[in-house]
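# Observations on the model geometry
One letter stands for each residue in the lines below.
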Amino acid sequence: MGLLVGVAAGYVLGTRAGRARYEQLSKTAKAVAASPVTKKAIEVGRQKLADSLSPQPKLEPMKPIDETTTIMIPRDQLKK
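As a starting point, this report considers the structure included with it. Small disclaimer: the values here were computed from a predicted structure and weren't measured.

### Concerning the overall build of the chain
Within the chain, the secondary structure is distributed over 2 helices and 2 strands. When the helices and strands of the chain are read in sequence order from the N terminus, they spell out α-α-β-β. In the chain, buried positions account for 5% of the 80 residues. About 7400 Å² of surface is accessible on the chain, with carbon and sulfur atoms providing 64% of the total.

### Details of a nonpolar patch on the surface
On the surface, a cluster of nonpolar side chains totalling about 390 Å² of accessible area is made up of Met 1, Leu 4 and Val 5. Inspection of the secondary structure puts Val 5 in helix α1 (residues 2-34). Overall, Val 5 belongs to the exposed group, its relative accessible area being 53%.

Conventions adopted
- Residues numbered from 1 in each chain as written.
- Predicted model: local features only at pLDDT ≥ 70, side-chain atom pairs only at ≥ 80, totals over all residues.
- Heavy atoms only, no water.
- Helix = DSSP H or I, 4+ residues; strand = E, 2+ residues; numbered from the N terminus.
- Buried < 20%, exposed > 50% of the residue type's maximum accessible area, 1.4 Å probe, protein only.
- Areas by Shrake-Rupley, 256 points an atom, 1.4 Å probe, with all protein chains shown as cover.
- Patch = residues over 30% accessible without salt bridge, like charges linked within 9 Å, V, L, I, M, F, W, Y side chains within 5 Å.
- Salt bridge = Lys/Arg side-chain N within 4 Å of Asp/Glu carboxyl O.

Geometry only, nothing functional implied.
So, in structure tokens, the structure goes:
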């Protein structure tokens, strides 16, 4: 009987401690996810991934011919 009481007490105390730690981790994770820095990093990462997966090269203006016509060149062919 003493063993059963000890197991039950350990379970209850462990559950409370586990719940408190879970709440702490959950609160921290929500704060990090809501952070503007995190959102910006995710946005930049998504854009880089989309750029790398896109079959269309990103074009940059190279030289305007006149007011309505500009020559475009793929970004990776620009001289750096």
